[in-house]
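Listed below, chain by chain, are the residues.
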Amino acid sequence: MPTFLGLDQGEGDVDIAILSLPYELTTSYGQGTAQGPMACIEASAQVELYDEQIGEDLPSGYSIHTIPEWVGEEPTLLQQLDSMSGYLIPWFKGDCFPLCLGGEHGILPSIMEAVRHHPAVNNDLSNLTVVQIDAHGDLRHELDGEIYSHACAAARALDAGVGSLLQVGIRAFSKEEHHRMLNDERITTFFAKDTQSPCNGAKHWEDWLKTLQSIEGPVHLTIDIDGLDGALVPATGTPVPGGLTFWQVHETIQTLFNAPNALIVSADVNEIGVQEDSPLTQFTAAMLATKVVASHILARKEGRWEALAPPSDALRSSVSYQHFSKT
């Protein structure tokens, strides 16, 4: 099985778990995100291991394990969401850092159910901040009759009880979503038309970085790669022009992990497509995933992240979980 960054799995405890969620049931435009996690892992073998912030090669003394991917065989969408949560929960005990690779953004509600079990969250998602990099608001109540569509991922996270949602890169949204962005006090949206403005974009971008630096408490970072400009990720499910540059996403990751009062408990990189004529899309996703891993390792080294449970190895079985299919 290919491993993230081409690293040897090794034996013993897991510091960072790479969790693949090849889920694709509600995509509404481009297809292929089910193959995205494996494409990202394969592309990551070409990513340079040296990280200049750490000053040495990854894994820098830590154990990065590529976990066998989730297999969705359940007959209904709701049962597949439960199955994903059951796959993830053993990795959200607070002893390691889970990084999920998707798959469509419809994975987010299942991730939120896993985050609920993290000891820093302690079953109270109102303590959690979700930082969302995305082209789309993902705040629709439903799309084509499906409330768990990828276009509703952020809305379902808020419905689950998430206390704060910070969005950046947003440039494609409905009237319904725009109204919620402006009126739901839990949502702070930085629109791409502002941060990417040639006239005053620098000011809005500095405001975004200051907002990240002021976060307190547990955080989940969700990176829909269509938040980047479509020229960088043309094979993502719904590419949109006018998005963030690679370095803006890079800076967002670094700034978030360096926030003095925030604890980044988990992250995901999603909507990864497979680009046949060029590996650009999956390689871009792999580089961002690598920056997340490197930023977490730096936080460990500098004492800004500590395990909240005894360390454990990679021999963890999925648990039975029923939430979505009951509701």
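Since we're looking at a predicted model, the values are computed, not measured.

Criteria and thresholds
- Residues numbered from 1 in each chain as written.
- Predicted model: local features only at pLDDT ≥ 70, side-chain atom pairs only at ≥ 80, totals over all residues.
- Heavy atoms only, no water.
- Salt bridge = Lys/Arg side-chain N within 4 Å of Asp/Glu carboxyl O.
- Helix = DSSP H or I, 4+ residues; strand = E, 2+ residues; numbered from the N terminus.
- Buried < 20%, exposed > 50% of the residue type's maximum accessible area, 1.4 Å probe, protein only.
- Expected span 1.5 Å × (residues − 1).
- Polar contact = N/O pair within 3.5 Å; in protein donor to acceptor, adjacent residues only side chain to side chain.
- Contact = heavy atoms within 4.5 Å.
- Pairing = 2+ DSSP bridges.
- Right-handed = clockwise from strand over helix to strand, strands pointing away.
- Axes fitted to C-alpha atoms, helices over the stretch in contact; angles between N-to-C directions.
- Parallel < 35°, antiparallel > 145°, perpendicular 65-115°, else oblique.
- Left-handed = near helix turned anticlockwise from the far one by under 90°.
- Nonpolar A, V, L, I, M, F, W, Y, C, P; charged D, E, K, R; others polar.
- Core = buried A, V, L, I, M, F, W, Y, C linked by side-chain atoms within 4.5 Å.

Engineer: Pulling in residues and values, what's your account of the pattern of salt bridges?
Structural biologist: For the structure on display, the rule yields 13 salt bridges. A salt bridge links Glu-56 to Lys-301, with the shortest nitrogen-to-oxygen separation between them at 3.4 Å. Here Glu-56, found in strand β3 (residues 56–57), pairs with Lys-301, found in helix α9 (residues 280–301); they are 245 residues apart in sequence, far enough to count as distant. For Lys-301, a relative accessible area of 40% gives the class partly exposed.

Engineer: Residues and numbers for α9, please.
Structural biologist: The first and last C-alpha atoms of α9 sit 31 Å apart over 22 residues, in line with the 32 Å expected at 1.5 Å per residue. Of all 22 residues that make up α9, 18 are buried, and the element is covered over most of its length. Gly-303 sits one or two residues past α9 and shows a positive phi near 75°.

Engineer: I'd like a description of the side chain of Arg-316, backed by residues and values.
Structural biologist: Its location among the elements puts Arg-316 in the segment after α9. Note on Arg-316: relative accessible area 15%, which makes it buried. Of note is the side chain of Arg-316, whose polar atom sits 3.2 Å from the backbone oxygen of Ser-312.

Engineer: Can you explain the side chain of Lys-291? Please cite residues and give values.
Structural biologist: Take Lys-291: it is sitting in helix α9. Excluding residues within four positions of it along the chain, Lys-291 makes contact with Asp-51, Gln-53, His-250, Ile-253 and Gln-254.

Engineer: Explain the pairing of strand β10 (residues 262–270) residue by residue, including any values.
Structural biologist: Counting buried positions over the nine residues of β10 gives eight, a clear majority of the element. Where strand β5 (residues 97–102) and β10 come together, three bridges link them in parallel fashion. Along β10, the bridge assignment pairs Leu-99 with Ala-267. One ladder, built from eight bridges, connects strand β9 (residues 217–224) with β10; its direction is parallel. What sits directly across from Ile-223, in β10, is Val-269. For the handedness criterion, the β-α-β arrangement of β9, helix α8 (residues 246–258) and β10 is classed as right-handed.

Engineer: Pulling in residues and values, what's your account of the packing of helix α2 (residues 77–88) against helix α3 (residues 108–115)?
Structural biologist: Packed helix pairs are characterised by how far apart their axes lie and by the angle those axes make with each other. The contact between α2 and α3 brings their axes to 8 Å, and the two run at 40°. When the axes of α2 and α3 are compared, the pair comes out oblique. Viewed along their axes, α2 and α3 form a crossing whose handedness is right-handed. Counted together, Leu-81, Met-84, Ser-85 and Leu-88 of α2 and Ser-110, Ile-111, Glu-113 and Ala-114 of α3 form the full contact between these two elements. Residues of the contact of α2 with α3, tallied by class, amount to five nonpolar, two polar and one charged.

Engineer: Help me get a handle on the pairing of strand β8 (residues 187–191), residues and values and all.
Structural biologist: The buried count for β8 comes to four of five residues, which makes it a mostly enclosed element. The sheet contact formed by strand β7 (residues 164–170) and β8 spans five bridges and is parallel. For Leu-166, the partnering residue across the bridge sits in β8 and is Thr-188. Chirality of the crossover, the property in question, places the unit of β7, helix α5 (residues 175–183) and β8 among those that are right-handed.

Engineer: Describe unusual backbone geometry, with residues and values.
Structural biologist: Look at the link from Leu-58 to Pro-59: it is a cis peptide, with omega at 10°. On the secondary structure map, Pro-59 appears in the loop between β3 and β4 (64–66). In this structure, Asp-138 is a non-glycine residue whose phi angle is positive, near 55°. A relative accessible area of 4% places Asp-138 in the buried class. Positive phi, close to 55°, is recorded for Asp-144, a residue that is not glycine. Residue position: Asp-144 is located in the loop between β6 (129–133) and α4 (153–159). When its relative accessible area of 70% is taken as the criterion, Asp-144 is described as exposed.

Engineer: How would you sum up the nonpolar core? Please name residues and give values.
Structural biologist: Core analysis: the biggest nonpolar cluster contains 52 residues, and Leu-99, Val-131, Trp-208, Leu-221, Val-269 and Val-292 have the highest contact counts within it. Residue contributions to this core peak at nine residues, all from α9. Beyond its immediate stretch of four places on either side in the chain, Leu-99 contacts Ala-17, Ile-18, Leu-19, Ala-267, Asp-268, Val-269, Ala-289, Val-292 and Val-293. The next biggest cluster of nonpolar side chains, apart from the first, holds 43 residues, and it includes Ala-17, Tyr-87, Ala-154 and Ile-187.

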